[in-house]
Every structure is written in C-alpha cells, then in structure tokens.
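# Survey of secondary and tertiary structure
The lines below spell out each chain.
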Amino acid sequence: MEGVKRTLLPATVAHAESGSVTRAGATPGACPGKDAIGYFDSATHHQWSGSFSSQFGVAVTKVLGENHPFSSKGFFWGIWVNDRFASAGLCGLKLKPGDALLVAPSPEKGTVFPIALTAPATAKVGQPFVVKASYFKTAKAKTLPGVKVTDGVNATDSHGATTVTAHKAGKLTIVATEKGFIRAEATVNVSK
C-alpha cells in the first residue's frame, strides 16, 4: 500500500479470507473473501474504510490512516495487479498465486503508473548489483530513465538501470521514486 508521501504498508504476503468481507456496508456474499478484497482486508488488518454499492462494489476511501474520498479534486484509491491497472474493483477481482496487488492514490485528473522495480533477491556486501525501473503503459514494460533509487550511484539511465552497492549485511530496502509515478520498493538480502 502506497500513500501520497510514504509507503503505508511494505510488500506483505497476504492471505485470502473465508466467507465474505462485509466492511464498508457490503452485503454478505457480495465481496467474497477469496477475491482481492479479502487479501486487502487481511494485509491491512481491517484498517480501512469506504462505501459499498451493489453496482460498483467497495469504494475505498481511507487506508491505514490516509484518506482519499472519491471527488473531483485530489486523489482516489487506484488498484493495480502486477503493476497494471486492475480490470475490476476489489470485490470481484480474482488473484492468482504470486500476483502483486497494489492499492495507491491515483490523481482524479491525469494518469500515474506504478514503478516496476527489479532487483536481485540476494547480493554481497561491497559488490555492486544492477537495479532496473520500468512501467506498464501497455502490456509490454517500458524502461524508465531518471528514477531516483536509494543507495543508487545515479538515477536510472536510458535503459532504466542503475548500480547499487550494499555497505552492510542484512535486508536492504531499495526505494525508487519519480514524479508522476507511484514509488516502488524492493528488498535485497545482503550477505558478507
């Protein structure tokens, strides 16, 4: 879960819920817990609010303390699966094992895309590794130059790549930001 200025919930392995989710006034059975709404509800530990309509399902307004009611100004909560805008709302959106669900503010006017950040799962202290940034405007990923990457030597180049060197062992969280895009995080396990 991303907010306007900070990550609200880092990448989390979530589980579906049994039965149906009835928060935000959803009627029993309308939002099956096995759909994206169940994963969203369990990942946030029920710390969200919104409204329900039988036509559109759940419209999320507040997530983990950050509020974005749908209006003609500001942001609304957008939904992406595997860095692509979702084809359905949280109620009725089917996920497959390994899918990445992102809920983040989307501007009422204009378009934003999540940064798709690729980093190795493991690295060694003092040995540089490559991190790549891209986004999906269509079905095919497009490289994203100019992205600022924490611990990166420079912003990403014309191929969407930059080099990172870890200075200590442990989990290294890399954050990628670029104006007009939704920030992304990747975790690299660094060993000596």
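Residues numbered from 1 in each chain as written. Predicted model: local features only at pLDDT ≥ 70, side-chain atom pairs only at ≥ 80, totals over all residues. Heavy atoms only, no water.

## Remarks on the overall build of the protein chain
In terms of helices and strands, the protein chain carries one helix and 16 strands. Against the compact-globule benchmark of 16 Å for 192 residues, the protein chain has a radius of gyration of 18 Å, which places it among compact chains. Projected onto its principal axes, the C-alpha coordinates of the protein chain cover approximately 55 × 35 × 30 Å. The buried share of the protein chain, taken over its 192 residues, is 39%. Total accessible area on the protein chain stands at roughly 10600 Å², and carbon and sulfur atoms take up 55% of it. Of the side chains in the protein chain, 21 bear a positive and 12 a negative charge, and the two mean positions are spaced by 3 Å. (Helix = DSSP H or I, 4+ residues; strand = E, 2+ residues; numbered from the N terminus. Rg over C-alpha atoms; globule rule 2.2 N^0.38 Å. Buried < 20%, exposed > 50% of the residue type's maximum accessible area, 1.4 Å probe, protein only. Areas by Shrake-Rupley, 256 points an atom, 1.4 Å probe, with all protein chains shown as cover. Lys, Arg positive; Asp, Glu negative; His and termini not counted. Charge placed at Lys NZ, Arg CZ, Asp CG, Glu CD.)

## Digging into the pattern of salt bridges
If you walk through the whole model with that rule in mind, you get five salt bridges. The residue E2 makes a salt bridge to R183 at a minimum N-O spacing of 2.6 Å. Of this pair, E2 sits in the segment before α1 (36-43) while R183 is found in the loop between β15 (181-182) and β16 (184-191), placing the two residues 181 residues apart along the sequence. Summarising the burial analysis for this pair, E2 and R183 share the class buried. Here K94 makes a salt bridge to D35, at a shortest N to O gap of 2.8 Å. Remark: D35 occurs in the segment before α1 and K94 occurs in the loop between β5 (84-85) and β6 (101-107); sequence separation between them is 59 residues. Judged by its relative accessible area of 54%, K94 is exposed. Judged by relative accessible area, which is 1%, D35 ranks as buried. (Salt bridge = Lys/Arg side-chain N within 4 Å of Asp/Glu carboxyl O.)

## Some details on the nonpolar core
Core analysis: the biggest nonpolar cluster contains 23 residues, and M1, I37, F40, W48, V58 and V60 have the highest contact counts within it. Listing elements by their share of this core, those giving two or more residues are α1, β2 (57-63) and β4 (75-81). It is α1 that provides the largest number of residues to this core, a total of four residues. Setting aside chain neighbours within four positions, we find V58 in contact with A24, A26, C31, I37, W48, S51, F52 and C91. In terms of nonpolar packing, the next biggest core, distinct from the first, is built from 20 residues, A123, V131, I174 and V188 among them. (Core = buried A, V, L, I, M, F, W, Y, C linked by side-chain atoms within 4.5 Å. Contact = heavy atoms within 4.5 Å.)

## Overview of the state of the cysteines
Tallied over the entire structure, the rule returns one disulfide. Covalent S-S linkage joins C31 and C91, the inter-sulfur distance amounting to 1.9 Å. Residues C31 and C91 are joined through a disulfide that is right-handed, its torsion about the S-S bond being 85°. Highlighted residues: C31 in the segment before α1 and C91 in the loop between β5 and β6, separated in sequence by 60 residues. Here C31 matches C91 in class, with each residue buried. (Disulfide = S-S within 2.5 Å.)

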